[in-house]
Amino acid sequence: MEYEPVIGLEVHVQLRTRSKMFCGCAADYQTAGPNTRVCPVCMAMPGVLPVINRRAVEFTIMAGLALNCSISETTKFDRKNYGYPDLMKGYQISQFDLPIAYDGYMDLAPSETVPGGHRVGITRIHLEEDVARLTHVGTGRGGYSLMDINRAGVPLMETVSEPDIRSAEQAEAYILELQSTMRYLGISTANMEEGSFRCDANVSIRPKGSDELRTRVEVKNMNRVRAVVRAIEYEIDRQTRMAEAGERLEQETRGWDDDNGVTLSQRSKEEANDYRYFPEPDLPPLYIDRALVEEIRASIPELAGSRRVRFETEYGLSSYDAKLLTARRETADYFESVVLSRDHSGDAIRAFAKEAANWINGELARLHNSSNGLDSDLADTRVKPAQLATLVELFQTRAISNNAAKQVLADMFVTGRDPEDVVDEKKLRKVDDSESLLPVIDAVIDENPKAVDDYLSGKETAIRFLLGQVMKATRGAADANTASQMIAERLETVRKA
Ligand SMILES: [Zn+2]
């Protein structure tokens, strides 16, 4: 029998609000010393009262609209009761039966790994609070745990998908698209390694073509996108082998062990009623004004997917280039500022945009990543969009060589200077007039008799060495085609002499 996987993802993102979910403490818990971003509310002192963070509610509405959800008119908070040392109150304020957003979907664009694209339903998006951070030191009798309450109460938004995902590749595409959406909206850093984007997967299998939902396993502890993909692949394989052997699958929570590439049983899965949810008596229900929803809808920026398509059609970019440029809103904004800093249209804008994309995705990205790390954006680069546009023009009009343009950009990247100033100072303007090149070529021929002999005795590749010497003498400013043609002519004169 052939089986197909049935996968649903639960994603928690920390929202980028200034203060925490129910108190006035600063939410950027990572930059502060342990237990310095705390107050009686997030430390769960008796008698304190929570206050709802309006911004967090607005961010959740925004996420809901971006994911094609309906927005509740009435919503409320509930207590989710469970005991664990990272939970200060003994319960987490969450949302049970009336989430802020519900019934949406996300369309995955067609790609190599998701041929034909795929639609994933969004069950719900709700708000809750993060818990304290525990650090375990040592094991056994001497072991202990350190507790940092800074993270307790940071706004956490949970997006639950329908079990519509049918492969690890679709799960990967869903995660990447969700990350991109959160970042475009500016509501979360959505960084898995830092813990501001966490993903759990519910995985089950069923006979292909059936529509039953079988016993599912929840997989946790995946700290990278790659880990989610591997954990899902492992779980599909494990469950398929069990089904083929006629073994019964337990409903349980399993943890991903990245080092060994396996999932391990952690505990039998709780049902919702294990949490004894009940309405939070300290918070009133929320009525979400339709005017506010429309205001938020109007403020949503163009998202990665539609921008990608527009870059392809409007600027004629390859889907590869468009995908790279739109992965982050800052990069897409930067690219568009470069292109729009010039008054091009029609074919000219396409040629210019193509060249600008090459420089941004190539040399500028290389410089930027090597000094800022991979996961940063171009928003704060010293190279202003108009300056990069000038550099692209200098290269496009062949005023400077490719090699020279790279040198200029490296200088601009550090100093923020205008490209023309760098070109003039370093004398990098392409030399292709014979008057200035001839003396250089003659000197190189004089200084390299061995290479000249080699060439004259039939070893034509010796010309490449001589060209290299000319490029060196002009610091890359010579036009390679012109120079190599002139060297060949010069050597023929030597032969005849
Ligand atoms: Zn607090």
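About the criteria used
Residues numbered from 1 in each chain as written. Predicted model: local features only at pLDDT ≥ 70, side-chain atom pairs only at ≥ 80, totals over all residues. Heavy atoms only, no water. 1 Å grid on protein atoms, 1.4 Å probe; cavity = no way out; pocket = protein on both sides within 12 Å on 5 of 7 lines; lining within 4 Å. Points joined across faces, edges and corners; volume = space filled by probe spheres on them. Helix = DSSP H or I, 4+ residues; strand = E, 2+ residues; numbered from the N terminus. Domains from an automatic or database assignment. Core = buried A, V, L, I, M, F, W, Y, C linked by side-chain atoms within 4.5 Å. Buried < 20%, exposed > 50% of the residue type's maximum accessible area, 1.4 Å probe, protein only. Contact = heavy atoms within 4.5 Å. Pairing = 2+ DSSP bridges. Axes fitted to C-alpha atoms, helices over the stretch in contact; angles between N-to-C directions. Salt bridge = Lys/Arg side-chain N within 4 Å of Asp/Glu carboxyl O. Phe/Tyr/Trp six-rings, centres within 6.5 Å; stacked < 30°, edge-to-face > 60°. Lys NZ or Arg CZ within 6 Å of the ring centre and 35° of its normal. Donors = N, O, S within 2.8 Å, 3.2 Å for Na, K, Ca; no water. Tetrahedral: all angles 85-135°; square planar, octahedral: opposite > 155°, others 65-115°.

Enquirer: What's the story with the layout of surface pockets in this structure? I'm lost.
Expert: Think of a ball as big as a water molecule: rolled over the atoms, this probe shows where empty space is left. A volume near 1,400 Å³ is recorded for the second largest pocket. Among the secondary structure elements, those contributing two or more residues to the lining of the second largest pocket are α2 (168-185), α3 (225-244), α5 (304-315), α6 (319-326) and α8 (346-372). Of the residues forming the lining of the second largest pocket, the biggest block, eight residues, is contributed by α2. Each of domain 1 (3-295) and domain 2 (302-425) gives at least three residues to the lining of the second largest pocket.

Enquirer: Hey, could you run me through the nonpolar core in this one?
Expert: One broad trend across soluble globular proteins is that nonpolar side chains are buried collectively. Leu9, Ile61, Tyr174, Ile232 and Phe335 are the most contacted members of the largest nonpolar core, which has 108 residues in total. Considering each element in turn, this core owes the most residues, nine residues, to α8. Three or more residues apiece are contributed to this core by two domains, here domain 1 (3-295) and domain 2 (302-425). Those residues in contact with Phe335 that lie beyond four places of it in its chain are Phe311, Tyr315, Leu317, Leu325, Ala353, Ala356, Ala357 and Ile360. Membership of the second largest hydrophobic core comes to 20 residues, among which are Ile445, Ala462, Ala483 and Ile487.

Enquirer: In this structure, what is going on with the sheet that holds strand β1 (residues 3-14)? I would like to understand it.
Expert: Backbone hydrogen bonds hold the strands of a sheet together, and the pairing may be parallel or antiparallel. Across the sheet, which stays open at both edges, the nine strands sit in the order β2-β6-β7-β10-β1-β11-β12-β13-β14 with mixed pairing between neighbours. The open sheet has two edge strands, β2 (70-71) and β14 (262-268), and neither has a second partner. Pairing of β1 with strand β11 (residues 197-207), which is carried by 11 bridges, proceeds in the antiparallel orientation. Directly across from Ile7, in β11, lies its bridge partner Val203. Of the strands in this sheet, β1, β11, β12 (217-220), β13 (252-257) and β14 are in contact with α3, which crosses β11 at around 25°.

Enquirer: Just checking my understanding: could you explain the pattern of salt bridges for this structure?
Expert: Side-chain pairing between opposite charges can occur once the charged atoms of the two side chains come close. Scanning the model with the defined rule gives 39 salt bridges in all. Asp78 serves as the salt-bridge partner of Lys76, at 2.4 Å between the closest nitrogen and oxygen. The network of salt bridges with common partners includes Glu302, Arg307, Arg310, Glu314, Arg329, Asp333 and Glu336.

Enquirer: Can you walk me through the packing of aromatic side chains in this structure?
Expert: Following the criterion strictly, the structure yields nine aromatic pairs and no others. Consider the rings of Tyr82 and Tyr275, whose centres lie 6.0 Å apart with planes at 70°: the pair is edge-to-face. Here Tyr275 lies in the loop between β14 and β15 (278-279) and Tyr82 lies in the loop between β4 (78-81) and β5 (91-94), a separation of 193 residues in the sequence. Look at Tyr82 and you get partly exposed, because its relative accessible area is 28%. What links up through ring pairs into an aromatic cluster is the set Tyr82, Phe96, Tyr275 and Tyr277. Against the face of Tyr275 rests Lys80, its NZ or CZ located 4.4 Å from the ring centre. Across the ring face of Tyr105, the terminal group of Arg119 is positioned such that the distance to the ring centre comes to 3.7 Å.

Enquirer: Just checking my understanding: could you explain the side chain of Ser401 for this structure?
Expert: Take Ser401: it is sitting in the loop between α9 (385-396) and α10 (402-415). Here Ser401 is in contact with Phe395, Lys430 and Gly476, once residues within four sequence places are set aside.

Enquirer: Would you mind going over the coordination of the zinc ion with me for this structure?
Expert: A metal bound by six donors in octahedral fashion has ideal angles of 90 or 180 degrees, whereas one bound by four tetrahedral donors has an ideal angle of 109.5 degrees. Every protein donor of the zinc ion is accounted for by Cys23 (SG), Cys25 (SG), Cys39 (SG) and Cys42 (SG), and the metal-donor separations fall at 2.3 Å. If you look at the zinc ion, its four donor atoms make angles of 101 to 115° with each other, and the shape they trace is tetrahedral. The sequence motif formed by the donor residues of the zinc ion is C-x1-C-x13-C-x2-C. One end of the pair, Cys25, is in the loop between β1 and α1 (54-66); the other, Cys39, is in the loop between β1 and α1, and 14 residues separate them in sequence. Note on accessibility: Cys25 and Cys39 belong to one class, buried.

Enquirer: Just to check I follow, could you spell out the domain arrangement of the protein for this structure?
Expert: Where interface size is given, it is often the accessible area lost as the parts come together that is meant. The assigned domain composition of the protein is domain 1 (3-295), domain 2 (302-425) and domain 3 (434-496). Averaged C-alpha coordinates put domain 1 and domain 3 at centres separated by 66 Å.

Enquirer: Honestly, the sheet that holds β15 in this entry has me stumped. Any pointers?
Expert: What the three strands build is an open sheet, ordered β5-β4-β15; its pairing is antiparallel. Each edge of the open sheet is held by one strand with a lone partner, namely β5 and β15. Sheet topology places β4 next to β5; four bridges connect them, and they run antiparallel. Paired with Asp78 across the bridge in β5 is Ser94.

Enquirer: What is the right way to look at unusual backbone geometry in this model?
Expert: Of all residues except glycine, most have a negative phi; of all peptide bonds, most are trans. The backbone of Asn68 sits at a positive phi, close to 60°, despite the residue not being glycine. Residue position: Asn68 is located in the loop between α1 and β2. Exposure remark for Asn68: the relative accessible area of 36% places this residue in the partly exposed category. Of note, the phi angle at Arg276 is positive, near 45°, even though the residue is not glycine.

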